[in-house]
Amino acid sequence: MLERELEIYLRNGNGVRRVFTYRRWMFFAMTAGLLVLTAGGLALWPYVSGRPALEARRIEALGRLSGQKAAALALRDRVRRLADEAGRIRDFNGKLAVMVDAARDMGGEGAFPAPARLPAALGDDEAGRRLVDFLQALAGRMAVEEAAQLKLMRLLAERKLEFLAKPSLWPARGYISSGFGVRRSPFGRGGDFHNGVDIKVPMGSPVFAAGAGRVTEAGPMTGYGLRIVVGHDYGLETVYAHLQKIEVKPGEEVKRGQRIGLSGNSGRTTGAHLHYEVRAAGTPVNPRQYMLD
């Protein structure tokens, strides 16, 4: 195999014919090629033999990452719900403060710190730091609101009769379909000012006195249809309009939560609902500030 040159001949019917010429460099070329392939195989063998283990580790890492991401998202949702609950408590405290005329004493709108901005994503050091800051701010805010609510509840206990007199109940079980203030006219003639709120309820639903007081008016009125006006202490009045039936009479004392009529669509209306107003010293105010959720 190491001869410099070797010629191969083949005998056939036409005589002898040379079919191949072997040269020594061909041997060395094949040997070198085999050595390269062998070395490459030996170099790649650890990776090939360990591939199942690497794939298992990769899948395990992806599973851990997915679990961490799901946990982070769940934590973020819980923090959001906690922040929403803090806001709901704050709104409730504000309404309680209105009921006992303590809004200024409690600090009013600016008494409770606004919640920190919640991180848009979790998973890095900066987001983690922001989440910790947010939770600390939220904990402080909740503590302030808890103390404020305890103070308000003490005031309410001391002024129970005043609380019962003020119109804090929802006058009907439904949802608000039109709020207080400027709105588009439901009768298609541009905008108008809505003196109360419309509570959407089925025809004939019970209507309750929002607070203790005395019935000052009970009967039909242009535009309002059948309506009831209840006078409360502290210069407050409530109006219940578009009724189907009136169950009280002028001069009658009513209790907080007492049924006084049935909802309907009498008067100028586009459908069955209860029109509800609160007036302070004769001026319509937003009933939502009195309606405890």
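Residues numbered from 1 in each chain as written. Predicted model: local features only at pLDDT ≥ 70, side-chain atom pairs only at ≥ 80, totals over all residues. Heavy atoms only, no water.

J.: Which parts of the structure should I look at to understand the overall build of the protein?
T.: Within the protein one finds 4 helices and 14 strands. With 293 residues in all, the protein has 32% of them scored as buried. Sequence-distant contacts in the protein: of pairs separated by 6 or more residues, those separated by 24 or more amount to 62%. Entry remark: accessible area of the protein is about 18,200 Å², with carbon and sulfur atoms responsible for 58%. (Helix = DSSP H or I, 4+ residues; strand = E, 2+ residues; numbered from the N terminus. Buried < 20%, exposed > 50% of the residue type's maximum accessible area, 1.4 Å probe, protein only. Contact = heavy atoms within 4.5 Å. Areas by Shrake-Rupley, 256 points an atom, 1.4 Å probe, with all protein chains shown as cover.)

J.: Just to check I follow, could you spell out the side chain of S266 for this structure?
T.: Note that S266 resides in the loop between β12 (259–263) and β13 (274–280). At 2.7 Å, the side chain of S266 forms a polar contact with the backbone oxygen of L243. Look past the residues within four positions of S266 in its chain and what remains in contact with it is Y224, G225, L226, H242 and L243. (Polar contact = N/O pair within 3.5 Å; in protein donor to acceptor, adjacent residues only side chain to side chain.)

J.: What am I meant to see in the environment of I228 here?
T.: Residue placement: I228 occurs in strand β9 (residues 225–231). Filtering out sequence-adjacent residues up to four positions away, I228 remains in contact with V215, E217, A218, T238, V239, Y240, L243, I246, V248 and I260.

J.: Whenever I open this one, the nonpolar core confuses me. Can you help?
T.: Nonpolar side chains in soluble globular proteins tend to end up buried together. In this structure, I199, I228, Y240, V254, I260, L274 and Y276 are the most contacted members of the largest nonpolar core, which totals 22 residues. By size, the runner-up hydrophobic cluster in this structure holds 6 residues, among which are A83, A86, L131 and L138. (Core = buried A, V, L, I, M, F, W, Y, C linked by side-chain atoms within 4.5 Å.)

J.: Help me understand the pairing of β9, please; the structure alone is not making it clear to me.
T.: Looking along a regular strand, one sees the side chains alternate between the two faces of the sheet. The buried fraction of β9 is high, at 6 of 7 residues. Remark: 3 residues form the turn of the hairpin made by strand β8 (residues 213–221) and β9, two consecutive strands paired antiparallel; G223 in that turn has positive phi of roughly 85°. Hairpin geometry of β9 and strand β10 (residues 236–246) is characterised by an intervening segment of 4 residues between the two adjacent antiparallel strands and by a positive phi of about 65° at Y234. (Pairing = 2+ DSSP bridges.)

J.: Would you mind showing me how to read the side chain of S178 here?
T.: Looking at the secondary structure, you find S178 in strand β3 (residues 175–178). Engagement of the side chain of S178 in a polar contact is seen with the side chain of R183, the distance being 2.8 Å. When near neighbours in sequence (up to four residues on either side) are disregarded, S178 contacts R183, H194, G196, V197 and D198.

J.: How should the pairing of β8 be read in this particular structure?
T.: Here β8 pairs with strand β11 (residues 253–254) via 2 bridges, running antiparallel. Of the residues in β11, the one forming a bridge with R214 is E253. By the bridge criterion, 7 bridges tie β8 to β9 in an arrangement that is antiparallel. Across the sheet, the residue bridging to V215 is V230, located in β9.

Such coordinate-based values are descriptive only and should not be taken to indicate function.
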